[in-house]
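Given next are the chains, with one letter for each unit.
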Amino acid sequence: MTGKELIRIVDLNAEVNGVHVLKGLDLTINTGEIHAIMGPNGSGKSTLAKVVAGHPGYYITKGNIFFKGQDITHLDPETRAHIGIFLAFQYPIEIPGVSNTDFLRLAYNSKRKSNNLAELDPLAFFEILSDKLDIIEMDAKFLSRNVNEGFSGGEKKKNEILQMSILHPCLSILDETDSGLDIDALRVIANGINRLFNKEQSILLITHYQRLLDYIEPTFVHIMHEGTIKRTGDANLAKELEKNGYDLLNIKTTI
């Protein structure tokens, strides 16, 4: 059973580099819900993720985003992160010279400070961090390494989920978290996401493939095309899409 409205996107239009990508998109997500967004390349899935997270390279030309009843359409990304929005990138970047532990503690304490809570010292923070490592089956040796530097694709994705677990967001946007993962890594990461998820949170999953949804069951599945949501259904819609492709929308796709 789902809860109250968490985020409501109304008539969202956005462009990047002068290209109109999102075209009147509407979407509402309640607490306790997992929404999956699928669609062909170029349909606007990743643009939606970045616009909701407040990426400065994406410009909203029309429409509004409401989060917990607050209009966040023009809030900066840092403020959005502090109030509970998290974006796991499709291609996580490397940060040379910054250890994972320092990065995570800085992000964690920055959020605590914004909510008028006391910052944690390194020892207290490490206790919290250790518990999270077990959930996503991540070796503690990665904490002393620089952020994502020399990590495999699967290790980078685990690191994104570790960040999510530490920041404990209300809304987690996972942009193709399954891309580049073998079946074992996918299972571990999906199991970690399921263990971290609770009824007070929501997840927006962006994926091309049904296989992720075999592990993380969505409340709703949406199919995007040409910057808007063309069709919505339950988990069976993803299975139908896997079987019939985008012919079910009577559209032609390119690779």
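Residues numbered from 1 in each chain as written. Predicted model: local features only at pLDDT ≥ 70, side-chain atom pairs only at ≥ 80, totals over all residues. Heavy atoms only, no water.

Right, let's talk about the pairing of strand β4 (residues 59–67) for a bit. Where strand β1 (residues 5–16) and β4 come together, 7 bridges link them in antiparallel fashion. If you follow E15 over to β4, its bridge partner there is Y59. Pairing of β4 with strand β5 (residues 70–71) involves 2 bridges; the strand directions are antiparallel. Across the sheet, the residue bridging to F66 is D71, located in β5. Count of turn residues in the β4/β5 antiparallel hairpin: 2 residues, of which K68 carries a positive phi of about 55 degrees. (Pairing = 2+ DSSP bridges. Helix = DSSP H or I, 4+ residues; strand = E, 2+ residues; numbered from the N terminus.)

For the structure on display, the rule yields 4 salt bridges. Among the ionic pairs, E5 bridges to R8, the shortest N-O distance being 3.2 Å. On the basis of relative accessible area, R8 is assigned to the partly exposed category, the value being 31%. (Salt bridge = Lys/Arg side-chain N within 4 Å of Asp/Glu carboxyl O. Buried < 20%, exposed > 50% of the residue type's maximum accessible area, 1.4 Å probe, protein only.)

Before going further, it helps to examine the packing of helix α3 (residues 100–114) against helix α4 (residues 122–135). At a minimum axis distance of 11 Å, the contact between α3 and α4 shows a crossing angle of 100 degrees. Classified by the angle between their axes, α3 and α4 sit roughly perpendicular to one another. In this structure, α3 contributes T101, L104, R105 and Y108 to the contact, and α4 contributes P122, F125, I128 and L129. Here the contact of α3 with α4 is composed, by residue class, of 6 nonpolar, 1 polar and 1 charged. (Axes fitted to C-alpha atoms, helices over the stretch in contact; angles between N-to-C directions. Parallel < 35°, antiparallel > 145°, perpendicular 65-115°, else oblique. Contact = heavy atoms within 4.5 Å. Nonpolar A, V, L, I, M, F, W, Y, C, P; charged D, E, K, R; others polar.)

Attention now goes to the nonpolar core. Counting residues in hydrophobic clusters, the biggest one holds 42 residues, and the most contacted among them are I161, L162, L174, I193 and L205. Ranked by residues supplied to this core, first place goes to helix α6 (residues 183–196) with 6 residues. Leave out the neighbours within four places in its chain, and I161 touches I136, L174, T177, I189, I193 and L196. (Core = buried A, V, L, I, M, F, W, Y, C linked by side-chain atoms within 4.5 Å.)

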